[in-house]
Amino acid sequence: MTFTSIISAVGNNNSIYPLIVRDCGIEVPSKILLTYNQNKKESKAVAKLAARERFLDEYATSAVWLGGIPLVDGVCNYLIKKKGFNPNVNLKLFKEDDSQGIDLNINKFKGKVSQNIIDDLEKVKANKGLYEKLLSAKFVASTAIPVLFMGFILPKLIFASSAKKIAAQRAKEAAQSKDTFDKSNSSVDLKTPSFTGGFASTVANFSTVNKMAVTDGGYAVGRVATARNKNERLDISFKMLGMMFLNFVAPKYIEKFFNKLSGLQLDPLMLEDKEFLDAIKNKALNLPKTDNPKELLEYIDNNPKSLFAKYAEKAGKIKFLENGVRDPRCYVDTKDLLDFRNNIKDFVKKAIDSGDVTKYAKNSKIGKSLTILANVGISSALLAYALPKAQFAFRKIVTGSDLEPGLAPAERILDKNKEM
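None of these values were measured; they are calculated from a predicted model.

Mind laying out the overall build of the protein, listing which residues take part and the relevant values?
A tally of regular secondary structure across the protein gives 16 helices and 0 strands. Out of the 420 residues in the protein, the part that is buried amounts to 46%. A fraction of 78% describes how many contacts in the protein between residues 6 or more apart in sequence connect residues 24 or more apart. Surface summary for the protein: the accessible area is close to 20900 Å², and the carbon and sulfur share equals 57%.

An account of the packing of aromatic side chains is requested, with residue identities and associated values reported.
For the structure on display, the rule yields 9 aromatic pairs. Between Phe347 and Tyr360, the aromatic rings sit 5.5 Å apart at their centres with planes inclined by 40°, giving tilted as the arrangement. Of this pair, Phe347 sits in helix H14 (residues 334-354) while Tyr360 sits in helix H15 (residues 357-399), and the two are 13 residues apart along the sequence. Judged by relative accessible area, Tyr360 falls into the partly exposed class, the value being 22%. Chaining the aromatic ring pairs together yields one cluster made of Phe276, Tyr311, Phe347 and Tyr360. If you follow Lys123 out to its NZ or CZ, it ends over the ring of Phe85, 5.3 Å from the centre. Against the face of Tyr253 rests Lys256, its NZ or CZ located 5.5 Å from the ring centre.

Please give an account of the pattern of salt bridges that cites residues and values.
Tallied over the full model, the rule gives 20 salt bridges. Note that Arg329 and Asp327 form a salt bridge whose closest N and O atoms lie 3.0 Å from each other. Asp327 matches Arg329 in its accessibility class, with the two residues each being buried. A salt bridge links Lys396 to Asp402, with the nearest nitrogen and oxygen atoms 3.5 Å apart. Lys396 gets classed as partly exposed once you look at its relative accessible area, which sits at 39%. Exposure remark for Asp402: the relative accessible area of 10% places this residue in the buried category.

Can you explain the packing of helix H4 (residues 102-109) against helix H5 (residues 115-126)? Please cite residues and give values.
When two helices pack together, their arrangement is given by the angle between the helix axes and the distance between those axes. Packing of H4 against H5 brings their axes to within 10 Å, and their N-to-C directions diverge by 155°. As the angle between them shows, H4 and H5 are arranged roughly antiparallel. Crossing hand, H4 versus H5: left-handed. Residues Ile102, Asp103, Asn105, Ile106 and Phe109 of H4 lie in contact with H5, whose contacting residues are Ile118, Leu121, Glu122, Val124 and Lys125.

Explain H15 to me, and be specific about the residues and the numbers.
Working note: α-helix, 3.6 residues per turn, so residues spaced by three or four point in the same direction. For H15, spanning 43 residues, the distance from its first C-alpha to its last is 60 Å, which sits close to the expected 63 Å at 1.5 Å a residue. Along H15, the sharpest kink reaches roughly 35°, centred on Leu382. In this structure Asp356 caps H15, since a side-chain oxygen of it lies 3.4 Å from the backbone nitrogen of Thr358.

Account for the environment of Leu382, naming residues and giving values.
Relative to the elements of secondary structure, Leu382 occurs in helix H15. On a C-alpha basis, the gap between Leu382 and Leu246 in space is 7.2 Å, while along the polypeptide they are 136 residues apart.

With reference to specific residues and values, describe empty space enclosed by the protein.
For the coordinates displayed, the defined rule picks out 4 cavities of 30 Å³ or more. One number sums up the size of the largest cavity: a volume of about 240 Å³. Within the residue set of the lining of the largest cavity, elements represented by two or more residues are helix H3 (44-82), helix H6 (128-175) and helix H8 (230-248). Counting residues per element, the lining of the largest cavity draws most heavily on H8, at 5 residues. Tallied by class, the residues present in the lining of the largest cavity amount to 6 nonpolar, 1 polar and 9 charged.

Parameters at a glance
Residues numbered from 1 in each chain as written. Predicted model: local features only at pLDDT ≥ 70, side-chain atom pairs only at ≥ 80, totals over all residues. Heavy atoms only, no water. Helix = DSSP H or I, 4+ residues; strand = E, 2+ residues; numbered from the N terminus. Buried < 20%, exposed > 50% of the residue type's maximum accessible area, 1.4 Å probe, protein only. Contact = heavy atoms within 4.5 Å. Areas by Shrake-Rupley, 256 points an atom, 1.4 Å probe, with all protein chains shown as cover. Phe/Tyr/Trp six-rings, centres within 6.5 Å; stacked < 30°, edge-to-face > 60°. Lys NZ or Arg CZ within 6 Å of the ring centre and 35° of its normal. Salt bridge = Lys/Arg side-chain N within 4 Å of Asp/Glu carboxyl O. Axes fitted to C-alpha atoms, helices over the stretch in contact; angles between N-to-C directions. Parallel < 35°, antiparallel > 145°, perpendicular 65-115°, else oblique. Left-handed = near helix turned anticlockwise from the far one by under 90°. Expected span 1.5 Å × (residues − 1). Bend = angle between axes of the 7 residues up to and from the residue. Polar contact = N/O pair within 3.5 Å; in protein donor to acceptor, adjacent residues only side chain to side chain. 1 Å grid on protein atoms, 1.4 Å probe; cavity = no way out; pocket = protein on both sides within 12 Å on 5 of 7 lines; lining within 4 Å. Points joined across faces, edges and corners; volume = space filled by probe spheres on them. Nonpolar A, V, L, I, M, F, W, Y, C, P; charged D, E, K, R; others polar.

Structure (structure tokens):
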């Protein structure tokens, strides 16, 4: 994989790659260090246990968050296929218009694609209600299972582990006739709450990133519900709201800001593609002339080997079958496709007007790559440093302490370990 490919991958805010970079590579290590340093101000013993909790929590959550949804999706797709349906058929095709739809696609592509693809569409058409239920069940499973683990099971396991360490220290103190911890004090009860909550959805055809956003919402609810005391509940609520905003909302707004500032919309891989640049130089780049959705798709279907169709497929706007025919089971966002056409058209005009297409493309690629890195850097800094610092400030105001609210009641027990 080239450097440009890596930049392209982390710059796609509709994929999981930026999330992996921000979450595992930058955010988690920083949070662990910041958690230790913040708690160390009042108690080194609490700081060690808090950092341990954060390490277990963050990396286990990341593993489930980034891998759990695709895994459950794969299992659900297998089960849907066992029911005789192809999960690639998009339910949006039932919103029939003059450009695409399930009936239109069946009639238009019959004889152009293999019969089994037409059969996929016809079976879904004949069993729409059942297919909708299967896709809804898939959505529920792929979000509810990770939420159940991340929001409810994992914190219970981590809290139980911390409670075990605290209980061991308490027993040690008692055996040595030291001051015992007041077991009747409810503020230091580290018992985790029982499971609560329910899930329901009729949503289908969500992308992995969309499901991650929904999962984060359920995860936040679970973490608040399993908090060990009121202060921890407030602390977690503040963190989770900030994390969801910075993971799923802020990067797209930052991207829009940089795109508007630089006037660069195209992927860096396109900007270094020799075939693309040669077509611009020779004024041989053929783009759709129309803004009409029906005519736009007709252009794609009539010119599947055009550079525009090729780049649209690479950008995930369209899916083609092996024979070069557009997959009739997939829904095309024609507005997004039109925006893509306009971005290419705008770049072509600027490149030609510059007088040196190669130099303009090279500078544009550097500029776009820098804005992608800046986006990742800014959003990572907000997640890894600014949000934890804001959370610590919020905690100090609410609790009057720098300690983790869930561990603060056990500070006395933990600190006695230092004194022995």
